[in-house]
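Secondary and tertiary structure notes
Chain by chain, the residues:
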Amino acid sequence: MKRIGVLTSGGDSPGMNAAIRAVVRKAIYHNLEVYGIYYGYSGLINGDIKKLELGSVGDIIHRGGTMLYTARCEEFKTEQGQLKGIEQLKKFGIEALVVIGGDGSFQGAKKLTEHGFPCIGVPGTIDNDIPGTDFTVGFDTALNTVIDAIDKIRDTATSHERTYVVEVMGRDAGDIALWSGLADGAESILIPEEDYSMEDIVARLKKGHERGKKHSIIIVAEGVGSGVEIGKQIQESANLETRVTVLGHIQRGGSPTAADRVLASRLGAYAVELLLQGEAGKMVGIEKNELVSHGIEEALSRKHKIDERMYQLSKELSI
Ligand code: ADP
């Protein structure tokens, strides 16, 4: 193998640049040439492909977003689109591909591998929702962004003696809500994986209020429902002044944390190692701080789960 490609696809996440850098540097270290495919699978189909050198990935390790840009591409879900992509890769003499993205992007990588083009996936998403890895690149940064925001909200919540509902990202996975709620001592954490009861939320709020608590924070993962609606219900049920903040896309941006940069560097380099060993159709991950790999199909057939013990702990600590 002489030449590999790298692309980022789907939702961006902080640390994707550090992963690109690791792929490029590790490949060049092993005397491979590396081509960057811009705008994900869309750029792959259109041949938006350029050679990357050591310097191409200089000064990006600390930057959020992705220097290769990203896109969503419906055409790539079709066999015709996938074959067009392979044609472009062959035109550029690229023999294998590293795909940095979420589970949708991994489906694309799996399809390419099934068509005979070797791919390895690197999990990059803030949601931490990919089975087969304890952490995804971007989760830690998003988490720290949320915590920073909640700390600020807490100051004003205390000053006005208000209840705050904070809606965070997580359509199907409650990891951002659970971890940020635990890290910030939230009164209640609402996640898609667990049912919630308004009576329980109100009882907790009242209990805190009675013992003189000046503020309350309730974290809602977007997959549970609208934070605004849940805030209204709380205000009506608890008769406490309630404000709602929807954090939105700030959670996707910013300079990656040290943990994300290190994770991205390890995973990106490991993806290249696997390609050099002739592996394909796999995703890399980290489990108990060890680098691991799983077949994409096998990993995605599992369902991502939250850590039940952490959820229980959050309830025990917020009495
Ligand atoms: P993420 O990778 O962040 O989960 P998406 O689910 O939007 O983001 O997927 C990103 C892109 O991956 C899609 O726009 C599409 O081009 C490609 N993709 C998603 N699912 C499939 C699939 N089943 N087959 C082929 N390509 C897919």
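See the structure printed just above.
In what follows, the accompanying structure is described. (Residues numbered from 1 in each chain as written. Predicted model: local features only at pLDDT ≥ 70, side-chain atom pairs only at ≥ 80, totals over all residues. Heavy atoms only, no water.)

**Things to note about the sheet that holds strand β4 (residues 96–101)**
- Read across the sheet, seven strands follow the order β3-β2-β1-β4-β5-β10-β11 without closing on themselves; strand pairing throughout is mixed. The sheet is open, and its two borders are formed by β3 (49–52) and β11 (290–295), each paired with just one other strand. Averaged over all adjacent pairs, the angle separating strand axes in this sheet is 30°, with direction ignored.
- Note: strand β2 (residues 33–37) against β3, four bridges, orientation antiparallel. The residue of β3 that forms the bridge with Gly-36 is Lys-50. (Pairing = 2+ DSSP bridges. Helix = DSSP H or I, 4+ residues; strand = E, 2+ residues; numbered from the N terminus. Axes fitted to C-alpha atoms, helices over the stretch in contact; angles between N-to-C directions.)

**Comments concerning the packing of helix α5 (residues 139–160) against helix α6 (residues 175–184)**
- Where α5 contacts α6, the axes come no closer than 9 Å and their chain directions differ by 50°. Judged on the interaxial angle alone, α6 and α5 are oblique. In this structure, α5 meets α6 at a crossing whose hand is right-handed. Across the interface between the two elements, Phe-139, Ala-142, Leu-143, Val-146, Ile-147, Ile-150, Asp-151 and Arg-154 of α5 pack against Asp-175, Ile-176, Trp-179, Ser-180, Ala-183 and Asp-184 of α6.
- Split into classes, the residues belonging to the contact of α5 with α6 amount to nine nonpolar, one polar and four charged. (Parallel < 35°, antiparallel > 145°, perpendicular 65-115°, else oblique. Left-handed = near helix turned anticlockwise from the far one by under 90°. Contact = heavy atoms within 4.5 Å. Nonpolar A, V, L, I, M, F, W, Y, C, P; charged D, E, K, R; others polar.)

**Focus on the sheet that holds strand β7 (residues 188–190)**
- Ordered by their spatial adjacency, four strands build an open sheet running β7-β8-β6-β9, and the pairing between neighbours is parallel. This sheet does not close on itself; its edge strands, each paired only once, are β7 and β9 (242–246). Neighbouring strand axes in the sheet, compared pairwise and without regard to direction, differ in orientation by 20° on average.
- In this sheet, strand β8 (residues 216–221) lies alongside β7 in parallel orientation, the contact comprising three bridges. Bridging across to β8, Ser-188 finds its partner in Ile-218.
- The strands touched by α5 are β6 (163–168), β8 and β9; relative to β6, the strand with the most contacts, the crossing angle is about 165°.
- Strands in contact with helix α8 (residues 227–238) are β6, β7, β8 and β9; relative to β9, the strand with the most contacts, it is inclined by about 170°.

**Thoughts on the packing of helix α7 (residues 198–210) against α8**
- Where α7 contacts α8, the two axes come as close as 10 Å, and the packing angle between them is 60°. In terms of their interaxial angle, α7 and α8 are classed as oblique. Relative to α8, α7 is oriented so that their crossing is right-handed. Contacts from Met-198, Ile-201, Val-202, Leu-205 and Lys-206 in α7 reach Ile-230, Gln-233, Ile-234, Ser-237 and Ala-238 in α8.
- Across the contact of α7 with α8, the residue classes break down as seven nonpolar, two polar and one charged.

**Structural notes on the site of the ligand**
- Contacts to the ligand come from 16 residues, most closely from Arg-72, Cys-73, Gly-102, Asp-103 and Ser-105.
- Taking Arg-72, its side chain carries an N or O atom lying 2.5 Å from an oxygen atom of the ligand.
- Here an oxygen atom of the ligand sits 3.0 Å away from a polar atom, N or O, in the main chain of Gly-102.
- Protein coverage of the free-state accessible area of the ligand, which is 550 Å², stands at 82%.
- Counted by class, the shell around the ligand contains three nonpolar, nine polar and four charged residues. (Near = heavy atom within 4 Å. Polar contact = N/O pair within 3.5 Å; in protein donor to acceptor, adjacent residues only side chain to side chain. Areas by Shrake-Rupley, 256 points an atom, 1.4 Å probe, with all protein chains shown as cover.)

**Notes on the environment of Thr-133**
- One can find Thr-133 in the loop between β5 (119–123) and α5.
- The class for Thr-133 is buried, based on a relative accessible area of 9%.
- For Thr-133 and Arg-25, which are 108 residues apart along the polypeptide, the C-alpha to C-alpha distance reads 23 Å.
- Those residues in contact with Thr-133 that lie beyond four places of it in its chain are Pro-123, Met-283, Gly-285, Ile-286 and Glu-287.
- At 2.8 Å, the side chain of Thr-133 forms a polar contact with the backbone oxygen of Phe-135. (Buried < 20%, exposed > 50% of the residue type's maximum accessible area, 1.4 Å probe, protein only.)

**Brief notes about unusual backbone geometry**
- Backbone geometry places Asn-128, a non-glycine residue, at a positive phi of 55°.
- Within the fold, Asn-128 resides in the loop between β5 and α5.
- We classify Asn-128 as buried; its relative accessible area is 3%.
- Positive phi, normally seen in glycine, also occurs at Glu-161, with a value near 50°.
- Following the sequence through the fold, Glu-161 ends up in the loop between α5 and β6.

**Points about the nonpolar core**
- Ile-4, Val-6, Met-67, Val-98, Ile-100 and Val-284 are the most contacted members of the largest nonpolar core, which has 33 residues in total.
- Looking at this core, the elements with two or more residues in it are β1 (3–8), α1 (16–29), β4, β5, α9 (258–276) and β10 (282–287).
- In terms of residues, this core owes the most to one element, α9, which gives eight residues.
- By size, the runner-up hydrophobic cluster in this structure holds 27 residues, among which are Val-168, Ala-177, Ile-217 and Ile-219. (Core = buried A, V, L, I, M, F, W, Y, C linked by side-chain atoms within 4.5 Å.)

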